[in-house]
Amino acid sequence: MDVRRYTPTDADAVAALLEAAVGAGFAGSAAADPRLSWVAYDDGLCGAALAVVDDAPRLRRTYAEGPAFAALERLPVRGRVVRIRELAVRAHRRGRGVASDLVARVEAAAAGLAYLHRLDTVHVLANAWLPSDPALPTSAGLFRRAGYEDLGEIAGFFREFSLAAGATCPACGPPPCRCCVRVMLKRLPSA
Ligand SMILES: CC(C)(COP(=O)(O)OP(=O)(O)OC[C@H]1O[C@@H](n2cnc3c(N)ncnc32)[C@H](O)[C@@H]1OP(=O)(O)O)[C@@H](O)C(=O)NCCC(=O)NCCS
């Protein structure tokens, strides 16, 4: 397997992977910071982790209230958080550590960016999808194993979005989406 940094030439393949993994309409744009984002190929694209440097105050507003909001508010993040905004692995390659490897690479790259943002500590955040259908996999376990703190579950996280976008969820079907997310956060020492 060839794992390398994401470039814009991967965008179409990544969009197809995300559509298969999280459903048409939920994948959003393939916005990704090439310094932080990774793709894995075997006979085609088999995995992707797209990350961005996000604005902590804006992120707090998306959580509005509750435990994740409170936890983010306590962090000395000086306005910046690395957010893993998309993570997916092709169904036939799951359960072999591909996603865990991609997440570790995002973290290593994030630690290296600390100096750019003059941060003593880098925070990496992910919203782990908890599908309403328990037969579907979730990333919450792999984030936990990688040392992420669980900031709490947010019920119906995609409800409003699914209604507005008319997005069909692989777990819930037509809107409204009833899936939850678990907000996972890891604090890295700077490189
Ligand atoms: C979540 C996902 C990215 C994990 O990818 P992966 O490469 O299988 O991840 P890893 O192998 O590093 O670790 C995966 C887990 O899969 C489990 N697993 C084992 N065999 C599996 C299989 N055939 N299919 C799915 N999961 C399997 C592992 O035991 C481990 O379980 P745990 O974390 O619940 O304890 C992948 O299942 C996926 O793309 N899911 C759909 C989209 C999604 O949920 N993305 C995350 C949004 S934040």
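Trainee: Before we go on, may I ask you to explain helix α4 (residues 98–112) in this structure?
Mentor: Because an α-helix packs 3.6 residues into every turn, residues spaced three or four apart end up facing the same way. Compared with the 21 Å implied by 1.5 Å per residue over 15 residues, the 22 Å span of α4 between its first and last C-alpha is a close match. Here α4 has its buried residues at V98, A99, L102, V103, V106, E107, A109, A110 and A111.

Trainee: How should the site of the ligand be read in this particular structure?
Mentor: Neighbouring residues of the ligand: 20 residues in total, closest L87, G95, G97, S100 and R145. L87 is positioned such that a nitrogen or oxygen atom in its backbone is 2.7 Å from a nitrogen atom of the ligand. Within the side chain of R145, a nitrogen or oxygen atom sits 2.7 Å from an oxygen atom of the ligand. Here the ligand loses 72% of its free accessible area of 910 Å² to cover by the protein chains. Under a 2 Å grid-point criterion requiring more than half of the atoms, the pocket assigned to the ligand is the largest pocket. Of all the secondary-structure elements, those providing two or more residues to the shell around the ligand are α1 (11–22), β4 (80–89), α4, β5 (121–130) and α5 (140–145). Of the residues in the shell around the ligand, the class split is 11 nonpolar, six polar and three charged.

Trainee: In this structure, what is going on with the sheet that holds β4? I would like to understand it.
Mentor: Strand pairing in a sheet takes place through backbone hydrogen bonds and is either antiparallel or parallel in direction. The strand order across the open sheet formed by seven strands is β1-β2-β3-β4-β5-β7-β6, and the pairing between neighbours is mixed. Each edge of the open sheet carries a strand with a single partner, namely β1 (2–5) and β6 (149–154). Taken over all neighbouring pairs, the strand axes of this sheet differ in orientation by 20° on average, direction set aside. Strand contacts of α1: β2 (38–41), β3 (45–55), β4 and β5, with the helix running at about 95° to β3, the strand carrying the most contacts. Here α4 sits on the sheet in contact with β1, β2, β3, β4, β5 and β7 (180–189), set at roughly 160° to β4.

Trainee: Is there a simple way to explain the packing of aromatic side chains in this structure?
Mentor: The relative placement of two aromatic rings is captured by the distance of their centres and the angle of their planes. Tallying each qualifying case throughout the model produces two aromatic pairs. Between the aromatic rings of F143 and Y148, the centroid separation amounts to 5.0 Å while the plane-to-plane angle is 70°, which identifies the pairing as edge-to-face. Exposure class is identical for F143 and Y148. Each is buried. With centroids separated by 5.2 Å and ring planes inclined at 90°, the aromatic side chains of F157 and F158 adopt a geometry described as edge-to-face. F157 gets classed as partly exposed once you look at its relative accessible area, which sits at 27%. Here the basic side chain of R105 rests over the ring of W38, its NZ or CZ set 5.5 Å away from the ring centre.

Trainee: When you look at unusual backbone geometry in this model, what are you seeing that I'm missing?
Mentor: Negative phi values dominate among residues other than glycine, just as trans dominates among peptide bonds. Of the consecutive residues P175 and P176, the connecting peptide bond is found in the cis state with omega at 5°. Among the structural elements, P176 can be located in the loop between α6 (159–165) and β7.

Trainee: What is the right way to read the layout of surface pockets from this model?
Mentor: Regions of empty space are outlined by a rolling probe, equal in size to a water molecule, passed over the atoms. Of the voids in this model, the largest pocket is the one considered here, and its volume is about 1200 Å³. Lining the largest pocket are 43 residues, with V22, L87, N127, W129 and S139 sitting closest to its centre. Secondary structure elements with two or more residues in the lining of the largest pocket: α1, α2 (56–63), β4, α4, β5 and α5. The element contributing the most residues to the lining of the largest pocket is β4, with seven residues.

Trainee: Got a minute to help me understand the side chain of D33 in this structure?
Mentor: Looking at the element boundaries, D33 is found in the loop between α1 and β2. Polar contacts involving the side chain of D33 include one to the side chain of R35, which spans 2.6 Å. With residues near it in sequence (within four places) discarded, D33 still touches A51, V52 and V53.

Criteria and thresholds
- Residues numbered from 1 in each chain as written.
- Predicted model: local features only at pLDDT ≥ 70, side-chain atom pairs only at ≥ 80, totals over all residues.
- Heavy atoms only, no water.
- Helix = DSSP H or I, 4+ residues; strand = E, 2+ residues; numbered from the N terminus.
- Expected span 1.5 Å × (residues − 1).
- Buried < 20%, exposed > 50% of the residue type's maximum accessible area, 1.4 Å probe, protein only.
- Near = heavy atom within 4 Å.
- Polar contact = N/O pair within 3.5 Å; in protein donor to acceptor, adjacent residues only side chain to side chain.
- Areas by Shrake-Rupley, 256 points an atom, 1.4 Å probe, with all protein chains shown as cover.
- 1 Å grid on protein atoms, 1.4 Å probe; cavity = no way out; pocket = protein on both sides within 12 Å on 5 of 7 lines; lining within 4 Å.
- Sits in = over half its atoms within 2 Å of the grid points.
- Nonpolar A, V, L, I, M, F, W, Y, C, P; charged D, E, K, R; others polar.
- Pairing = 2+ DSSP bridges.
- Axes fitted to C-alpha atoms, helices over the stretch in contact; angles between N-to-C directions.
- Contact = heavy atoms within 4.5 Å.
- Phe/Tyr/Trp six-rings, centres within 6.5 Å; stacked < 30°, edge-to-face > 60°.
- Lys NZ or Arg CZ within 6 Å of the ring centre and 35° of its normal.
- Points joined across faces, edges and corners; volume = space filled by probe spheres on them.

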